[in-house]
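Structural features, examined
Next come the chains, spelled out residue by residue.
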Amino acid sequence: MTDSMAGTSGGGGVTSGMPRRQRIALLVFGFVVFAGVHAFANVESTRADFTRAGISETAAHIWLWELSAIAMWVALLPVIGWMVARVRPPRMALGWAALAHAVATLPISAVHVAGMIAIRLAIYAAMGERYGYGGAAERFLYEYRKDAASYLMLAAFMALAQWLLAQPEPAAASPEVLLVPDGSVTHRVPVDAIGWAAAAGNYVEIAWGERVLLHRSTLAALEADLGPGFVRIHRGRLVRRAAVRTIETERSGDFTVTLDGGAVLRGSRRYRAAL
């Protein structure tokens, strides 16, 4: 808290959830654990099947098959995340969204199969061996059944991840009044009366009703001081969450917010999830 603040509306130990970095760490940890357990189960199942069938195959080869498949799914996660973020209600009807995801399993499976075969061919060649994968069409049909189910699981995971990361940061002590010096006058600005704030060189512009005050601070410092009631919509702009009345999103992902005072502000797609 800087010396420009006076008054608080809550204790510093009050929280409303897990910090964003911890949520990211939790999601990564959960994915790694799930992938590891899934891989181990698949490898052991394959080894048991080969033993029963009298097929001799090294554990190293079986692990290579499994890890190459996982590596390609990790590479495809951004694509699946993009699909989950954009192909869903209310952006489109539920039926059309489900159909679009079903159709998407075909090209994604094709890329997955081609990628993991390329990895295996390269590693086998480096070991002086030859990897046989059969016919391309036959292999695709065999893998597609598994890939469709894997796509659905990863899409569900990405939907959960996007929802978790969109949750606001834990509530911290929030100021009730912001003190803004202006020559010999110090304005006591109620925080819940601030509509927006924007970077202006070494200062920050603060919209208070119909007035715009200059406050000597960085936008990052002001954002930390104002607390979770304010959200960044652009690298140089904050808005008060409760003041947002409408959000209009463009195809590019950039958006426009309209505040209760009538102000219309542009936002960057990078910060869209925060709203």
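Keep in mind that what you see is a predicted model, and the values were worked out from it rather than measured. (Residues numbered from 1 in each chain as written. Predicted model: local features only at pLDDT ≥ 70, side-chain atom pairs only at ≥ 80, totals over all residues. Heavy atoms only, no water.)

What to know about the packing of helix 1 (residues 20-53) against helix 2 (residues 59-86)
The interhelical angle for the contact between helix 1 and helix 2, taken along N-to-C directions, is 145°, at an axis separation of 10 Å. In the packing of helix 1 onto helix 2, the handedness of the crossing is right-handed. Two secondary-structure elements touch here, helix 1 through Phe31, Ala35, His38, Ala39, Phe40, Asn42, Val43, Thr46, Arg47 and Phe50 and helix 2 through Ala59, Ile62, Trp63, Trp65, Glu66, Ile70, Val74 and Leu77. Across the contact of helix 1 with helix 2, the residue classes tally to 13 nonpolar, three polar and two charged. (Axes fitted to C-alpha atoms, helices over the stretch in contact; angles between N-to-C directions. Helix = DSSP H or I, 4+ residues; strand = E, 2+ residues; numbered from the N terminus. Left-handed = near helix turned anticlockwise from the far one by under 90°. Contact = heavy atoms within 4.5 Å. Nonpolar A, V, L, I, M, F, W, Y, C, P; charged D, E, K, R; others polar.)

Examining the nonpolar core
Counting 15 residues, the largest nonpolar core has Trp73, Ile80, Ile108, Tyr151 and Leu154 as the members making the most contacts within it. For this core, the secondary-structure elements that each account for two or more residues are helix 2, helix 3 (94-126) and helix 4 (136-166). Tallying contributions element by element places helix 2 first for this core, with six residues. Not counting residues up to four positions away in its chain, the partners in contact with leucine 154 are Phe31, Trp73, Leu77 and Ile80. Among the nonpolar cores identified, the runner-up in size contains 14 residues, and Leu178, Val189, Val191 and Leu222 belong to it. (Core = buried A, V, L, I, M, F, W, Y, C linked by side-chain atoms within 4.5 Å. Buried < 20%, exposed > 50% of the residue type's maximum accessible area, 1.4 Å probe, protein only.)

Looking at the environment of leucine 226
Structurally, leucine 226 is set in helix 5 (residues 219-226). Sequence separation between leucine 226 and tryptophan 82 is 144 residues, and the spatial gap between their C-alpha atoms is 32 Å.

A word on a nonpolar patch on the surface
On the surface, Met18, Leu26, Phe29, Val33 and Val37 cluster together into a nonpolar patch covering about 470 Å² of accessible area. Topologically, phenylalanine 29 is positioned in helix 1. (Patch = residues over 30% accessible without salt bridge, like charges linked within 9 Å, V, L, I, M, F, W, Y side chains within 5 Å. Areas by Shrake-Rupley, 256 points an atom, 1.4 Å probe, with all protein chains shown as cover. Salt bridge = Lys/Arg side-chain N within 4 Å of Asp/Glu carboxyl O.)

Regarding the pairing of strand 4 (residues 194-200)
The buried fraction of strand 4 amounts to five of the seven residues, a majority that puts the element mostly inside the structure. The sheet contact formed by strand 4 and strand 5 (residues 203-208) spans five bridges and is antiparallel. Considered in strand 5, the bridge of alanine 198 is made with glutamate 205. From the end of strand 4 to the start of strand 5, which pair antiparallel, there are two residues, and glycine 201 there has a positive phi angle of about 70°. Sheet topology note: the strand 4/strand 8 (residues 237-240) ladder contains three bridges and is antiparallel. (Pairing = 2+ DSSP bridges.)

Looking at the pairing of strand 6 (residues 211-215)
A regular strand carries its side chains on alternate faces of the sheet. With five bridges joining them, strand 5 and strand 6 adopt antiparallel strand pairing. In the strand pairing of strand 6, tryptophan 208 is matched with arginine 211. The antiparallel pairing of strand 5 with strand 6 creates a hairpin that spans two residues between the two strands, and glycine 209 there sits at a positive phi of about 65°.

A look at the sheet that holds strand 8
Taking strand neighbours across the sheet as the criterion, the five strands line up as 6-5-4-8-7 in an open arrangement whose pairing is antiparallel. At either end of the open sheet lies a strand with only one pairing partner, and these are strand 6 and strand 7 (230-234). The sheet shows a mean angle of 25° between the axes of neighbouring strands, direction not considered.

Remarks on the confidence of the model for the protein
Averaged over every residue, the pLDDT of the protein is 87; the share at 70 or more is 91%. Under a pLDDT of 50 for its full length, residues 1-16 has, in the predicted model, 34 contacts with residues more than four places off or in other chains. (pLDDT = per-residue confidence, 0-100.)

Examining helix 5
Burial in helix 5 covers these residues: Leu219, Leu222, Asp225 and Leu226. Seen from one end, helix 5 has its buried residues packed into an arc of 125°, which puts them on one side. Two residues or fewer after helix 5 comes glycine 227, characterised by a positive phi angle close to 85°. (Arc of directions from axis to C-beta.)

Description of the side chain of arginine 139
Within the secondary structure layout, arginine 139 lies in helix 4. A residue is classified by how much of its surface remains accessible, and arginine 139, at 13% relative accessible area, is buried. Look past the residues within four positions of arginine 139 in its chain and what remains in contact with it is Val113, Met116, Ile117, Arg120, Tyr131 and Tyr133.

Describing the side chain of serine 109
The topology assignment puts serine 109 in helix 3. Beyond its immediate sequence surroundings of up to four residues, serine 109 is in contact with Phe140, Tyr144 and Asp147.

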